[in-house]
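A look at the structure
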Amino acid sequence: MARTALLAGATGLVGAALLERLLAAPEYTAVTVIGRRAPDIRGPKLRFLSSTLEDLDALADPLTADDLFCCLGTTTRAAGGNAGLERVDYHMVLAVARAAQAGGTQHFYGVSAAGASATSPAFYSRVKARMEKALAEVGFEAVHLFRPSLLLGARSESRPGEAFAQKLAPMLAPLCIGPLRKYRPISAAEVADAMLLVARSGAVGIVIHDLPM
C-alpha cells in the first residue's frame, strides 16, 4: 500500500541514512523533509519544507503524512548548554510530533537514547526520558522509540568527544553482552534499518526498542 513519510532531522547521522532508505523504499511514494537545511540527497519523491521547527504555526499547509520519522538530536556542547539541548531534543521533537498528529499522522518513529531515564544523573538522559513520556501522550496510534547507544559513522560536524569514543568502540563492543548489549556501539545505518523495518510492520501501540534489535 502506498504511503507517505515526513522526516525531521534528515541531515544528521541517522536521518541521512534513513532518508536514503525511504527514497528507495517502493511503498513510500512521497517523502517530505522538514528542517533548516535541505539534505544533500535529491530524488523525484523528495520534497523539502524549510522550517526552523519553531515556526510550525506559520506554515502555509498543515504537516501531514502516514508516518513521521524523527531523527532530531544534538549534544550539550553543540547546543551551547543544557537549555539548547532541551530546545532541540525535547521542544522541537514535540513541536513536530504535535503538528503532524494534528494534521492526521498516526504513526511516529523516533530516535531516543540508550539509558534514557527520568532518574538518571545525566541531564541528557533525563531529557530523553521526558521526551519519550511526552510523545506517548500526543495521541498517535503508534509510537516507536529507538534507543541506540554510541552512534558509529562519519559526521559532517565536529564532535571531538564522540570521534574519540568511536575509535574505542571496537574494543568496547565485546564487553557489551547480556544486559549490557543495549550499550553496544551501533552504526547509523543499523538504526535506520531498524526504524524502517518496524515501520513496515505497521505495529501499533507504544514500544521502546533497545538496539541492536
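These remarks concern the structure in this document.

Helix and strand counts for the protein chain stand at six helices and nine strands. Each of the 213 residues in the protein chain was classed as buried or not, and the buried ones make up 46%. For the protein chain, restricting intrachain contacts to residue pairs at least 6 apart in sequence, the fraction spanning at least 24 positions comes to 68%.

Turning to the packing of aromatic side chains, a few remarks are in order. A complete count under the given rule lists three aromatic pairs for this structure. Each ring, one from Phe-69 and one from Tyr-109, has its centre 5.1 Å from the other, and the planes form 20°; the classification is stacked. Residue Phe-69 is located in strand β4 (residues 67-70), and its partner Tyr-109 is located in strand β5 (residues 107-111); the two are separated by 40 residues in the primary sequence. Just as Phe-69 is buried, Tyr-109 falls in that class too. Geometrically, the ring pair formed by Phe-108 and Phe-140 is tilted, given 5.6 Å between the ring centres and 35° between the ring planes. One end of the pair, Phe-108, is in strand β5; the other, Phe-140, is in the loop between α4 (123-136) and β6 (142-147), and 32 residues separate them in sequence. Since its relative accessible area comes to 1%, Phe-108 is described here as buried. Phe-140 sits in the buried class, given a relative accessible area of 11%. One aromatic cluster is present, formed by Tyr-28, Phe-69 and Tyr-109 through successive ring pairs. Between Arg-130 and the ring centre of Tyr-90, over which it is positioned, the NZ or CZ distance is 4.2 Å.

A few words now on the pairing of strand β2 (residues 28-35). In terms of burial, β2 is largely enclosed, as six of its eight residues are buried. Note that strand β1 (residues 3-8) and β2 share six bridges and pair parallel. Its bridge partner being in β2, Arg-3 is matched across the sheet by Tyr-28. Between the parallel pair β1 and β2, the chain is carried across by helix α1 (residues 13-24), and the sense of this crossover is right-handed. The pairing of β2 with strand β3 (residues 46-50) spans five bridges and is parallel. Bridge assignment links Thr-32 to a residue of β3, and that residue is Arg-47.

A few words now on the environment of Val-33. Following the sequence through the fold, Val-33 ends up in strand β2. Classification of Val-33 as buried rests on a relative accessible area of 1%. Residues Val-33 and Leu-49 lie 16 residues apart in sequence; the distance between their C-alpha atoms is 6.0 Å. For Val-33, the residues in contact, after removing those within four places along its chain, are Leu-7, Ala-10, Leu-19, Pro-39, Leu-46, Arg-47, Phe-48 and Leu-49.

Read across the open sheet, the seven strands follow the order β3-β2-β1-β4-β5-β6-β9; overall the sheet is parallel. Of all strands in the sheet, those with a lone pairing partner are β3 and β9 (205-210), marking the two edges. Sheet twist, expressed as the mean angle between neighbouring strand axes with direction ignored, is 15°. α4 contacts β5, β6 and β9 of the sheet and is inclined by roughly 165° relative to β6.

This part takes up the pattern of salt bridges. Under the definition given, this model contains nine salt bridges. Measuring nitrogen to oxygen at the nearest pair gives 2.7 Å for the salt bridge that ties Arg-3 to Asp-67. Pair noted here: Arg-3 is in strand β1 and Asp-67 is in strand β4, with a separation of 64 residues, a long-range link. Glu-137 is the salt-bridge partner of Lys-133, the closest N and O atoms lying 2.9 Å from each other. One exposure class covers both Lys-133 and Glu-137, and it is exposed. Because the salt bridges share partners, they merge into one network encompassing Arg-36, Glu-54 and Arg-87.

Rules used in this analysis
- Position numbers for residues count from 1 along each chain, tracking the sequence in the order it is written.
- Whole-chain, interface and lining totals are the exception, using all residues; otherwise, since this is a predicted model, local features are given only for residues with pLDDT of at least 70 and side-chain atom pairs are given and counted only at 80 or more.
- Each side-chain value is derived from all of the structure's non-hydrogen atoms; neither hydrogens nor water enter the calculation.
- Segments assigned H or I by DSSP are reported as helices when at least four residues long, segments assigned E as strands when at least two residues long, and all are numbered from the N terminus.
- Exposure categories follow from relative accessible area, calculated using a 1.4 Å probe and restricted to protein chains: below 20% of the type maximum is buried, above 50% is exposed, and the middle band is partly exposed.
- Note on contacts: a residue pair qualifies if any of its non-hydrogen atoms lie within 4.5 Å across the two residues.
- Stacked, tilted and edge-to-face are the three classes assigned to paired rings of Phe, Tyr and Trp, where Trp is represented by its six-membered ring and a pair needs centres within 6.5 Å; plane angles under 30 degrees give stacked, over 60 edge-to-face, the rest tilted.
- Cation placement over rings: the criterion is NZ of Lys or CZ of Arg within 6 Å of the ring centroid and within 35° of the ring normal.
- A pair of strands is labelled paired if DSSP reports no fewer than 2 bridges between them.
- A right-handed crossover is one whose linking path, passing over the helix from the first strand to the second, runs clockwise when the strands point away from the viewer.
- Helix axes are fitted to C-alpha atoms over the stretch in contact, other axes to C-alpha atoms as well, and angles between N-to-C directions run from 0 to 180 degrees.
- A pair is scored as a salt bridge if a Lys or Arg side-chain nitrogen falls within 4 Å of a carboxyl oxygen belonging to Asp or Glu.

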